[in-house]
Amino acid sequence: MREFAARQGSALRSLALVVGALATAAAVALGAVLAVFFAATIVVIALMSSALLALAGLAMRARRSARVRATRDGLMEARHIGGHHWVAYGWNERA
């Protein structure tokens, strides 16, 4: 009788172990999915930042070459025609 009393509730204990194992497996699967999602997010951020750096480099390069051309060609002639409007002459002619 004592052994029966000691083993009482073993069905609930085994059910709790099965449910616990299922919850653990679900948590591991969710963790894996979240890890892949955040890794993909990091990759996208890295790609966007490298594209931004490349565009910034191209802009700096264009700025340097435009500055060199402006000093080589001299000043541009412009006339104020009223308000915020200006007309520039000679900007399309090469010296």
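Not measured: the values here are computed from a predicted model.

Some thoughts on the overall build of the protein
Reasoning step 1: Broken down by element type, the protein carries two helices and two strands.
Reasoning step 2: Secondary structure elements of the protein, listed N to C terminal, follow the sequence α-α-β-β.
Reasoning step 3: Here the protein, with 95 residues, has 0% of them falling under the buried criterion.

Quick word on the packing of aromatic side chains
Reasoning step 1: Per the stated rule, a full pass over the model turns up one aromatic pair.
Reasoning step 2: Judged by centre distance (5.3 Å) and plane angle (65 degrees), the rings of Phe37 and Phe38 are edge-to-face.

A look at a nonpolar patch on the surface
Reasoning step 1: On the surface, Leu30, Leu34, Phe37 and Phe38 cluster together into a nonpolar patch covering about 420 Å² of accessible area.
Reasoning step 2: Its location among the elements puts Leu30 in helix 2 (residues 10-73).
Reasoning step 3: For Leu30, a relative accessible area of 52% translates into the label exposed.

Things to note about the pairing of strand 2 (residues 85-89)
Reasoning step 1: In this structure, strand 1 (residues 77-82) lies alongside strand 2, joined through five bridges in antiparallel fashion. The partner of Glu77 across the bridge, within strand 2, is Tyr89.
Reasoning step 2: Where strand 1 folds back on strand 2, the antiparallel hairpin that results is connected by two residues, among which Gly83 adopts a positive phi of roughly 65 degrees.

Remarks on the confidence of the model for the protein
The predicted coordinates ought not to be read in detail in places where the model reports low pLDDT.
Reasoning step 1: Residues at a pLDDT of 70 or more form 73% of the protein, whose mean pLDDT is 81.
Reasoning step 2: No element of the protein has a lower mean pLDDT than helix 1 (residues 2-6), which averages 55, and none a higher one than helix 2, which averages 88.

What counts, and where the lines are drawn
- Residues numbered from 1 in each chain as written.
- Predicted model: local features only at pLDDT ≥ 70, side-chain atom pairs only at ≥ 80, totals over all residues.
- Heavy atoms only, no water.
- Helix = DSSP H or I, 4+ residues; strand = E, 2+ residues; numbered from the N terminus.
- Buried < 20%, exposed > 50% of the residue type's maximum accessible area, 1.4 Å probe, protein only.
- Phe/Tyr/Trp six-rings, centres within 6.5 Å; stacked < 30°, edge-to-face > 60°.
- Patch = residues over 30% accessible without salt bridge, like charges linked within 9 Å, V, L, I, M, F, W, Y side chains within 5 Å.
- Areas by Shrake-Rupley, 256 points an atom, 1.4 Å probe, with all protein chains shown as cover.
- Salt bridge = Lys/Arg side-chain N within 4 Å of Asp/Glu carboxyl O.
- Pairing = 2+ DSSP bridges.
- pLDDT = per-residue confidence, 0-100.

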